[in-house]
Amino acid sequence: MEKELTLTVIDDGQVETDERVELMLHGSESGFGFDQAKIIIQDNEVPSLVDYSFKARIQPQAVPSVMEIAEDGSIYVGGNRSVFSDGIVDSVFRLRPDGSLDEGFKLGVELSGTVSCISILPDHIFVAGYFHASENEELRVEHLAKIRLDGSVDGSFDIGIGPDGSVRVILPIDDGSLLVGGEFSRFNNTRVGPLVKILSDGSVDPEFVSELGTDPFLQSLGHQEAGGVIVGGYFNRLHGRDMSYLARLNSNGSLDSEWVPTLNGPVSQIQVAKDDAIYISGEFSSVDGQERPGLARLRPDGSLDLDFVLGDGIRNVRKLLLRDNGTLIVSGSFDQYEGVSVLGMIGLDSNGRVSDSFSSLLGLPRWSLDIHEFVVDREGRLIVSGYVNNDEGMTHSSVLRLSTDDLERTTIGFLKDDHQVLESQSGLDVVLSRIGDLSDESQVRWTVEGLVGLPGGNFSEQQGVAVFQSLERRQTIRLEVFDDALAESDEWVTVHLEAMSEGDAVGVSDVLVRVLDNDRTVSYTHLTLPTIY
């Protein structure tokens, strides 16, 4: 015979870890079955991971492919031509430390293609990738450019017609020269292979000669304090010798024949430590005959460092970043490390263990990250490019700053980043979502801004207050849309949110709503057909 017991569970509305309790039975003498059971109560509140005070607003479909941070905290962002929230379109932006657009930087040439490399120097930056100046530009730019800090192109850096293929990696050298690697074989009509050294005026350094096999391309470069250059990518011969995927070159491009690590796949990322040890990642599974699933550390002499031992879980590494404190940050397509949940990123110490400075992102529930690129600001906070989702259905994309300082803070935001509606539909429902501590009531004011109150406009001035009761996660606000019966272009308005409850935060405070016009002009052309006899 069976008997059911009902246990009462209280939803406290607070962000916390899962709780465990034991259920005990007393007075049973039969010895049949179990007299105790363990119960896990899974917390259902979503912690506030995204720092919404960071003001970067790049359109969701334009996830940047490269980010670099300057010493003053400003952030250079590059990729395909992207749209900032105020309508500015460009291939490279500069953001202030708070994420807002720095209008003191405006790229002086319109590029067609993709910027995939940025290198920051004190008085200029280099940008590189697979791009060229648009047809309406008088200035010739091919795959590599030197840019002043106001965004104008430095014409004194004259590379002629430049490389005949894409640039994958650039590395400034202390003497003012620049190492350039990628998928090219000629540079300004000089046969150089996929690696070339460019002098400060843009000319090819004839004393630097590297010979890299058949149809190779480079993906990564590193520079050692002792003067050696570490090259990684797809190649199988170097200076006439068998040498695959990873090699060390001397300052003139010649091969260091004593530096001979053995890998079974290409290297895509290189980070050189202060002691000249080398971290590498890529599509390899073994180094010097030892199993290393895509990540390893080498000693300065190129041998495998056996003291750096990885735990289970890391795979498909996208980026490595070695911080000054020795922490190696790794991003990729993985969600656990040594059985602990991680968000596609992990910080490792010099022995391969989880770094204490990175422990706050471990085991964080109900978030998932798909990170394409990241940097670390002066306060040690992560700024990421990619997609961030939580179990409530809130999706954020493009450039975000993560924060674990106040995971319990109540945050209200839009469930979707963008909305559209036909003007004939009379209205649009916009869903708001609340995460963090849900134990108290929260209020948020919403306002429609933009093309409102204008003749023929599809919106009037609208505002209201959404009230979340205790434990309530979602609220829907209704926006009225007017069908003006005029043939016109689509209209855009902004819905703005403002927190009203003390201590609450607003996530993405503004979203665009596109009103699709349903009145189209139709033109007719009267044709007189010839008479056929």
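Residues numbered from 1 in each chain as written. Predicted model: local features only at pLDDT ≥ 70, side-chain atom pairs only at ≥ 80, totals over all residues. Heavy atoms only, no water.

This brings us to the overall build of the protein chain. Assigned secondary structure in the protein chain consists of zero helices and 40 strands. If you take every contact in the protein chain between residues at least 6 apart in sequence, the share linking residues at least 24 apart comes to 50%. Of the accessible surface of the protein chain, which amounts to about 26,800 Å², a share of 46% is contributed by carbon and sulfur atoms. (Helix = DSSP H or I, 4+ residues; strand = E, 2+ residues; numbered from the N terminus. Contact = heavy atoms within 4.5 Å. Areas by Shrake-Rupley, 256 points an atom, 1.4 Å probe, with all protein chains shown as cover.)

Right, let's get into a nonpolar patch on the surface. Together, L5, L7 and L25 make up an exposed nonpolar region whose accessible area comes to about 300 Å². Considering the arrangement of structural elements, one finds L5 in the segment before strand 1 (19-24). Of the residues examined, L5 reaches a relative accessible area of 59% and is grouped as exposed. (Patch = residues over 30% accessible without salt bridge, like charges linked within 9 Å, V, L, I, M, F, W, Y side chains within 5 Å. Salt bridge = Lys/Arg side-chain N within 4 Å of Asp/Glu carboxyl O. Buried < 20%, exposed > 50% of the residue type's maximum accessible area, 1.4 Å probe, protein only.)

With that settled, consider the environment of Y76. Structurally, Y76 can be placed in strand 4 (residues 75-83). Classification of Y76 by relative accessible area gives buried; the value is 3%. Sequence-wise, Y76 and R94 are 18 residues apart; in three dimensions their C-alpha atoms are separated by 4.5 Å. Ignoring any residue separated from it by four or fewer positions in sequence, one finds Y76 in contact with V66, M67, E68, A70, F93, R94, F105, I118, I120, I125 and L149. For Y76, the side chain forms a polar contact with the side chain of R94, separated by 3.0 Å. (Polar contact = N/O pair within 3.5 Å; in protein donor to acceptor, adjacent residues only side chain to side chain.)

Turning to unusual backbone geometry, a few remarks are in order. For N188, which is not glycine, the phi torsion reads 50° and is therefore positive. The topology assignment puts N188 in the loop between strand 11 (186-187) and strand 12 (190-191). A relative accessible area of 37% places N188 in the partly exposed class. Despite not being glycine, N189 shows a phi value in the positive range, around 70°. Mapping N189 onto the fold places it in the loop between strand 11 and strand 12. With relative accessibility at 58%, the residue N189 sits in the exposed group.

Sheet strands line up and pair through hydrogen bonds in the backbone, either parallel or antiparallel. One open sheet holds the three strands; their spatial order is 19-20-23, and the pairing between them is antiparallel. In this open sheet, the two edge strands, each paired with only one partner strand, are strand 19 (267-272) and strand 23 (295-298). With strand direction ignored, the average angle separating the axes of adjacent strands in the sheet is 20°. One ladder, built from four bridges, connects strand 20 (residues 278-282) with strand 23; its direction is antiparallel. Residue pairing across strands places I278 opposite L298, the latter belonging to strand 23. (Pairing = 2+ DSSP bridges. Axes fitted to C-alpha atoms, helices over the stretch in contact; angles between N-to-C directions.)

So, about the side chain of T327. For T327, the position within the fold is in the loop between strand 24 (317-322) and strand 25 (328-332). With a relative accessible area of 5%, T327 lands in the buried category. Of note is the side chain of T327, whose polar atom sits 3.3 Å from the side chain of S355.

Pairing between side chains of opposite charge can happen when the charged atoms of each approach one another. Counted under the stated rule, the structure contains 18 salt bridges. For the salt bridge of R401 with D51, the shortest nitrogen-to-oxygen distance reads 3.0 Å. With R401 in strand 31 (residues 395-401) and D51 in the loop between strand 2 (36-41) and strand 3 (66-69), this pair connects stretches of sequence that are 350 residues apart. The pair R401 / D51 is uniform in exposure class, with both members buried.

This part takes up the environment of G233. Note that G233 resides in strand 15 (residues 229-234). The exposure class of G233 is buried, given its relative accessible area of 0%. The spacing of G233 and G282 is 49 residues in sequence and 8.7 Å in space, taken between C-alpha atoms.

Of all six residues making up strand 10 (residues 178-183), five are buried, and the element is well covered by its neighbours. Examined bridge by bridge, strand 9 (residues 166-172) and strand 10 share six bridges and lie antiparallel to one another. Opposite V169, over in strand 10, you have G181 as the bridge partner. The sheet contact formed by strand 10 and strand 13 (residues 195-198) spans four bridges and is antiparallel.

Detailed reading of the predicted coordinates is not advisable wherever pLDDT is low. Mean pLDDT over the protein chain works out to 83, with 85% of the residues at or above the 70 mark. Segment residues 452-456 is flagged for pLDDT under 50; beyond a separation of four residues in sequence, or across chains, it makes ten contacts in the model. (pLDDT = per-residue confidence, 0-100.)

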